[in-house]
Amino acid sequence: GLDIVLVIALFACVREYVNFGHIINKNTFHRVEFSLTHLLTLIVLAVLWNRIFTFAHMYQLRQSVAWAKRLLLIAVACSLVVSTMLLGVYLMGITDIGGSLPFIFWFSTLTVFVFYRLALFGVIRLARIKRHNIQNVVIVGSNKRSISLSDDLSKRELGINVIGFI
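The present account deals with the structure reproduced in this document. Note that the structure is a prediction, hence the values are computed from the model and not measured.

**Regarding the overall build of the chain**
Counting its regular elements, the chain contains 5 helices and 2 strands. Starting at the N terminus and walking to the C terminus, you meet the elements of the chain as α-α-α-α-β-α-β. On the chain, roughly 10400 Å² of surface is accessible, and the fraction owed to carbon and sulfur atoms is 67%.

Structure representation (structure tokens):
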């Protein structure tokens with residue numbers, strides 16, 4: 001939901017900036033002609049973006065993935081979303097998307113999503129360190145592998161409390 005709205009708003013602002021020299025004004029959305037075909041295209045794009053964000057694990061809040069890999073996944077997801085957005089608006093008949101617009105749109109989307117995700121994960125990590133939003137877990141088995149798993153899950157920032165073994 002919010003990710004899709006951010007992408008559309010960023011595109012509108014970047015297009016306005018590249019074509020008219022300012023980020024947004026009261027006429028930004030008055031110049032857009034909208035039809036049923038445009039609406040269907042946006043719905044298809046929204047579903048596609050949701051699949052891209054899901055594939056890039058951007059909706060998983062319990063990640064034990066390193067920040068470098070997380071940033072790489074965000075960059076890949078943003079690149080795919082920007083590419084599909086540019087293709088979608090071209091198919092809608094908006095042809096003034098050349099020049100520096102694709103790069104500026106990609107860079108602004110990447111920047112917004114990186115800071116958005118960093119802030120989101122920072123707040124969640126802080127809440128888990130303070131022991132809010134904790135999930136209790138019981139591990140089935142008591143071999144070396146399950147003890148190793150218990151050690152990995154016991155990190156406070158993951159928000160998992162290992163109660164014991166069965």
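**Section: a nonpolar patch on the surface**
Side chains of Leu36, Leu39, Leu40, Ile43 and Val47 sit close together on the surface and give an oily, nonpolar patch of about 470 Å² of accessible area. Mapped onto the elements, Leu39 comes out in helix H2 (residues 36–55).

**Examining the packing of aromatic side chains**
Scanning all chains against the criterion turns up 5 aromatic pairs. Aromatic side chains Phe103 and Phe107 sit 6.1 Å apart centroid to centroid with 20° between the ring planes, which places their arrangement in the stacked category. Here Phe103 and its partner Phe107 are both found in helix H4 (residues 101–129), 4 residues apart, which amounts to about one turn of the helix. Centre to centre, the rings of Phe113 and Tyr116 are 6.2 Å apart; their planes meet at 75°, and the pair counts as edge-to-face. Of this pair, Phe113 and Tyr116 both sit in helix H4, 3 residues apart, roughly one helical turn. The class for Phe113 is buried, based on a relative accessible area of 0%. Using a relative accessible area of 25% as the deciding quantity, one classes Tyr116 as partly exposed.

**Things to note about the packing of helix H3 (residues 67–91) against H4**
The interhelical angle for the contact between H3 and H4, taken along N-to-C directions, is 140°, at an axis separation of 9 Å. Comparing the axis directions of H3 and H4 gives the class oblique. In terms of crossing hand, the pair formed by H3 and H4 is right-handed. Along the contact surface, H3 presents Trp67, Arg70, Leu71, Ile74, Ala75, Cys78, Ser79, Val82, Met85 and Leu86, while H4 presents Leu101, Pro102, Phe105, Trp106, Thr109, Leu110, Phe113, Val114, Arg117, Leu118 and Phe121. Residues of the contact of H3 with H4, tallied by class, amount to 17 nonpolar, 2 polar and 2 charged.

**Quick notes on the environment of Val82**
Topologically, Val82 is positioned in helix H3. For Val82, a relative accessible area of 4% corresponds to the buried category. Residues Val82 and Thr109 lie 27 residues apart in sequence; the distance between their C-alpha atoms is 7.8 Å. Among residues more than four places away in sequence, those in contact with Val82 are Pro102, Phe105, Trp106 and Thr109.

**Some details on the packing of helix H1 (residues 2–20) against H2**
Interhelical geometry of H1 versus H2 gives an angle of 120° and a closest axis separation of 10 Å. Judged by the angle between their axes, H1 and H2 are oblique. Considering the relative orientation of H1 and H2, their crossing is right-handed. Along the contact surface, H1 presents Asp3, Ile4, Val7 and Ile8, while H2 presents Leu42, Ala46, Trp49 and Phe53. Of the residues belonging to the contact of H1 with H2, the class tally is 7 nonpolar, no polar and 1 charged.

**A word on the nonpolar core**
Counting residues in hydrophobic clusters, the biggest one holds 27 residues, and the most contacted among them are Phe11, Trp49 and Phe105. For this core, the leading source of residues is H3, giving 8 residues. Apart from residues lying up to four places away in sequence, Phe11 is in contact with Met85, Leu86, Val89, Ile97, Leu101 and Phe105.

What counts, and at which threshold
- Residues numbered from 1 in each chain as written.
- Predicted model: local features only at pLDDT ≥ 70, side-chain atom pairs only at ≥ 80, totals over all residues.
- Heavy atoms only, no water.
- Helix = DSSP H or I, 4+ residues; strand = E, 2+ residues; numbered from the N terminus.
- Areas by Shrake-Rupley, 256 points an atom, 1.4 Å probe, with all protein chains shown as cover.
- Patch = residues over 30% accessible without salt bridge, like charges linked within 9 Å, V, L, I, M, F, W, Y side chains within 5 Å.
- Salt bridge = Lys/Arg side-chain N within 4 Å of Asp/Glu carboxyl O.
- Phe/Tyr/Trp six-rings, centres within 6.5 Å; stacked < 30°, edge-to-face > 60°.
- Buried < 20%, exposed > 50% of the residue type's maximum accessible area, 1.4 Å probe, protein only.
- Axes fitted to C-alpha atoms, helices over the stretch in contact; angles between N-to-C directions.
- Parallel < 35°, antiparallel > 145°, perpendicular 65-115°, else oblique.
- Left-handed = near helix turned anticlockwise from the far one by under 90°.
- Contact = heavy atoms within 4.5 Å.
- Nonpolar A, V, L, I, M, F, W, Y, C, P; charged D, E, K, R; others polar.
- Core = buried A, V, L, I, M, F, W, Y, C linked by side-chain atoms within 4.5 Å.

All quantities given are derived from atomic positions and should not be read as evidence of function.
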